[in-house]
Amino acid sequence: MNRIYEYRRRFLSACLVCLLCLAVYACGQKQDPLEKIRDLEYTVIAEDNIPQELLLKIEERKEDPFKLTFEDQGFLYICVGYGTQQTGGYSIAVNGLYETANAIYIDTNLIGPSPEEKSKQVASYPYVVVKMEFLEKPVVFE
């Protein structure tokens, strides 16, 4: 009888050790909050498709660099403006738009006119507006 009791005690002790190891391992496997979960689908929209209220906000801020978000009818609009430029001919590239555990990240950059391009010598206010499905997460501008 003592031998059976001893085997049971050892078996239960081994099970507890295994459970403890599993729990420690599982706790260490938390997802990095900066790790990309997925790329997000988006559309860069033209000025005539921007909601009027958002267009007014852009117009108020366009002379200085700006970053803003706007939610309307189940969509999230992410806007990045680069302020006053001395000439026309600029464009903006969206390098990435992705989701992490805690946020939405967007990376854009301003592309100047090529040297061969004859751009108008009139000030311009380049900005980009990205439309995507609404997600309840803050937006981080890179």
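About the thresholds
Position numbers for residues start from 1 in each chain and track the written sequence from start to end. Selection of residues for local features in this predicted model requires a pLDDT of at least 70, selection of side-chain atom pairs for listing and counting requires 80 or more, and totals for whole chains, interfaces and linings are taken over all residues. The basis for every side-chain value is the complete set of non-hydrogen atoms in the structure, without hydrogens or water. Each helix is a run of H or I in the DSSP string that is no shorter than four residues. Each strand is a run of E no shorter than two, and both are numbered from the N terminus. Throughout this description, buried means an accessible area under 20% of the type-specific maximum (1.4 Å probe, protein chains only), exposed means over 50%, and partly exposed covers the range between. In short, Shrake-Rupley with a 1.4 Å probe defines the accessible areas, and a residue's cover is counted only from the protein chains shown. One bridge is not enough; two strands pair if DSSP finds at least two bridges between them. We call two residues in contact whenever any of their non-hydrogen atoms come within 4.5 Å of each other. To get an axis, fit a line to the C-alpha atoms, keeping to the stretch in contact for a helix; angles then go from 0 to 180 degrees between the N-to-C directions.

K.L.:
What should I look at first to understand the overall build of the protein in this one?
P.N.:
When you go through the protein residue by residue, the secondary structure sums to two helices and eight strands. When its helices and strands are written in sequence order, the protein yields α-β-β-α-β-β-β-β-β-β. In the protein, buried positions account for 30% of the 142 residues. Total accessible area on the protein stands at roughly 10,100 Å², and carbon and sulfur atoms take up 53% of it.

K.L.:
What exactly am I supposed to notice about the sheet that holds strand 3 (residues 65-72) here?
P.N.:
Hydrogen bonds between backbone atoms are what pair the strands of a sheet, whose relative direction is either parallel or antiparallel. Pairing in this open sheet of four strands is antiparallel, and the strands run 2-7-4-3 from one edge to the other. Where the open sheet ends on each side, the last strands, each with one partner, are strand 2 (43-44) and strand 3. Of the strand pairs in this sheet, strand 2 and strand 7 (residues 127-133) are connected by two bridges, and their pairing is antiparallel. Each bridged residue has a counterpart across the sheet, and for Thr-43 the counterpart in strand 7 is Lys-131. Packing against the sheet, helix 2 (residues 52-61) makes contact with strand 3, strand 4 (75-82) and strand 7, and its axis sits at approximately 170° to strand 3.

So yeah, pure geometry; function would need other evidence.
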